[in-house]
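# Remarks on the overall topology
What follows is each chain in one-letter form.
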Amino acid sequence: MTPLWRKLVLFFCSITIVVVVVLGFFSATIIKHNYIENREQQMIQSAQLMIANLSETGTDLTKENKALTTVLVKDASLLDSRITLIDAQGKVINDTDEPAATMTNHRNRPEIKALLTDSRLASASDQRQSKSLGYGMLYTAVPIIEKGELVGIIRVAVSLQMIEKAIVQLQLSLIVVGGLLVLASTVVIILMVRRITRPITTITAVTQGLAEKDYGQRVMLLPSGEIGELAKSVNTLGEKLQKNVTEIHVKELRLAGVLDNLVSGVLLVNTKKRITLANPAMFQLIEKKLLHNNYFEVLPSYQLSNLIKEAFKTGKKQQAEVILYGHSAEKRVDANVVPIVEDNQHLSGVILVLHDITDIRHLEALRSEFVSNVSHELKTPVTSIKGFAETLLDGAMADADLRKEFLEIIRDESNRLTRLIEDILQLSKIEQHQIKPHYSEVDLVNVLTNVLKVLRKAIVEKNVTIELQLPQSLVLTSEADGLHQIALNLISNAITYTPNDGCVTIHAHKKGTEITLQVADTGIGIPAADQTRIFERFYRVHKARERETGGTGLGLSIVKHLVERYQGRIALDSIEDEGTTFTVTLPCEHID
């Protein structure tokens, strides 16, 4: 691109050249015109004077004679001109340069013809190129009037060669002077234009830098005048741009931080139905490539696509609970579609917000199931107690054997009800961290030995073989009561679900900074479909059998919470009709 200063220099130089050329042309034209006009007036006056002088001397002007020739030659010499005497028919009577006899009739010469045609004219002039001389001539003719009639014409002719040479010389002088003037003007214009355009160039460079997002650009040179004000305005603009861009960048970082850490999935769809923004939570929910795709091609729910379509159509917020398929397990989300409306009430897109409520719905189902199970578990012993008590009151007390049997049932159901309530309260306290922990050094081998003593009666009744694979001592920092409850529930369940004459293996060892406890049985096992829910409250694989054994359905749930309380892990390995193994891993040192 041609620099601005060059354009300005070329423009001003062109104007200067045009002005010089036009000035030279008109100057030469005016000078030539004035010269010819003055010369013409002089020739008219001279011709009129000659006519008057010749008339006074009585010289016959209509015929050639020696006296006339002498006067004409003398006057031609004084005027540096050529004088020709012509009669009324255009015939040359006398000429100072050529013999009259050799000259043709002049009636068709413009200046002669004009006088012959119009008698009112006092003179007539014409300038033309002389064929005989080869340069321009000025011809001026004056009529000779005698007694009111035209009797002849005196024509005075002067050469224009001198004026033409003068004009040429003037034009050459003007060209030289004009060239020098153009050169001097060019130098001055370059200096002035460069002085003006240098800050403009700097300002242009700064504005280009601002346009290319280099907001630190500033105009360092501040000239005076309007350009200086422009430079100050550009600097002010740069400062405001830099401030605004910094604020926008900070807001973008904050927004990006919010979106990246938002647990809800956020997705932006433009008017072309393409996804232009999606946060990490949305990628986790959809598990597909989203950006720059049409929303109806990637969203795994027809209902979700319809919500977005309806929002575009009505311009109103849409909300629904939607199931997303295509995952290992279906996900339930609370979908909200919000239209983006600009100031001119024009819809520019929609925002889709998905909140994963799978766990919430699962917890609600668990809560409902828990309430139902608690109601059922409480109702069963209470109904038994009430029924047998009413039977006794209705007259069964008289039968000693029946009374004893009923009272024993009432006692057993009361004990079962007590255990259920205690387990529920214990589990609630553990979940809500209401029990303040008291950590101390505990020997796990001693805990297991005490648990086996408590369960000795059940072991003997079922003739279950207990295989111990224990070291002399396994000391860890924990709670003795909690470890006792974990071991009691695991071993008690193993004995309960192991057939008579079965085997329960208890193995414990230390590896690194962890202690592992395994309780394996040869019992009925747990079906694969039930293994993921085995630690839920009141969940029973074999409901009828557990009620026969007096179980509350809360033991494994308590074990799981206690293990997590002690920063450990619990795992299950079971094969149906072959047996089950529970593995508990606990740290040797509790980390607060």
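Everything numeric in this text was worked out from a predicted model, so none of it was measured. (Residues numbered from 1 in each chain as written. Predicted model: local features only at pLDDT ≥ 70, side-chain atom pairs only at ≥ 80, totals over all residues. Heavy atoms only, no water.)

## Observations concerning the overall build of the protein chain
The secondary structure content of the protein chain amounts to 15 helices and 17 strands. When each of the 592 residues of the protein chain is scored for burial, the buried share is 37%. Within the protein chain, contacts between residues separated by at least 24 positions form 56% of all contacts whose residues are at least 6 apart in sequence. Of the roughly 35200 Å² of accessible surface on the protein chain, 56% is carried by carbon and sulfur atoms. (Helix = DSSP H or I, 4+ residues; strand = E, 2+ residues; numbered from the N terminus. Buried < 20%, exposed > 50% of the residue type's maximum accessible area, 1.4 Å probe, protein only. Contact = heavy atoms within 4.5 Å. Areas by Shrake-Rupley, 256 points an atom, 1.4 Å probe, with all protein chains shown as cover.)

## Digging into the environment of Gln42
Note on placement: Gln42 falls in helix α1 (residues 4-57). Overall, the relative accessible area of 37% leaves Gln42 in the partly exposed class.

## Brief notes about helix α15 (residues 555-565)
Of all 11 residues in α15, eight are buried; the element is thus mostly enclosed. What α15 keeps buried is the set Gly555, Leu556, Ser557, Ile558, Val559, Leu562, Val563 and Arg565. Backbone geometry just after α15 places Gln567 at a positive phi near 65°.

## Digging into empty space enclosed by the protein
What the rule picks out here adds up to five cavities of 30 Å³ or more. When its volume is computed, the largest cavity comes out at roughly 60 Å³. Together, Leu444, Leu476, Leu483, Ile486, Ala487, Ile515, Leu517, Val584 and Leu586 line the largest cavity. Of all the secondary structure elements, the ones that give two or more residues to the lining of the largest cavity are α13 (480-496), β15 (514-521) and β17 (579-587). Of the residues forming the lining of the largest cavity, the biggest block, three residues, is contributed by α13. (1 Å grid on protein atoms, 1.4 Å probe; cavity = no way out; pocket = protein on both sides within 12 Å on 5 of 7 lines; lining within 4 Å. Points joined across faces, edges and corners; volume = space filled by probe spheres on them.)

## Description of the pairing of strand β6 (residues 265-270)
Relative to strand β10 (residues 347-356), β6 runs antiparallel, the two being bridged by six bridges. Within β10, the position partnered with Leu268 by the bridge is Ile351. Pairing analysis gives three bridges linking β6 to strand β7 (residues 275-278), with the strands arranged antiparallel. Counted as the bridge partner of Leu267 is Ala278 from β7. Hairpin connection between β6 and β7: a loop of four residues separates the two successive antiparallel strands, and Lys273 in this loop has a positive phi of roughly 70°. (Pairing = 2+ DSSP bridges.)

## Let's talk about the side chain of Thr580
Checked against the element boundaries, Thr580 lands in strand β17. There is a polar contact of 2.8 Å between the side chain of Thr580 and the side chain of Ser574. If near-sequence neighbours (up to four positions away) are discounted, Thr580 is found in contact with Val519, Ala520, Asp521, Gly525, Ile526, Leu572, Asp573 and Ser574. (Polar contact = N/O pair within 3.5 Å; in protein donor to acceptor, adjacent residues only side chain to side chain.)

## Comments concerning the packing of α13 against α15
Running from N to C, α13 and α15 cross one another at 145°; their axes reach a closest spacing of 9 Å. Considering only the axes of α13 and α15, their crossing is left-handed. Here α13 contributes Gly482, Gln485, Ile486, Asn489, Leu490 and Asn493 to the contact with α15, which in turn contributes Gly555, Leu556, Ile558, Val559, Leu562 and Val563. (Axes fitted to C-alpha atoms, helices over the stretch in contact; angles between N-to-C directions. Left-handed = near helix turned anticlockwise from the far one by under 90°.)

## Overview of the sheet that holds β17
Strand pairs in the sheet, formed through backbone hydrogen bonds, run parallel or antiparallel to each other. A sheet is described by the order of its strands in space; here five strands give the open sequence β12-β14-β15-β17-β16, paired in mixed fashion. The strands lining the two open edges of the sheet, one partner per strand, are β12 (465-469) and β16 (569-575). For this sheet, the mean inter-axis angle between neighbouring strands, taken without regard to orientation, is 10°. Sheet analysis places β12 next to strand β14 (residues 503-511), joined by five bridges and oriented parallel. Bridging from a neighbouring strand, Thr465 pairs with Cys503 of β14. Along the sheet, α15 makes contact with β16 and β17, crossing β16 at roughly 140°.

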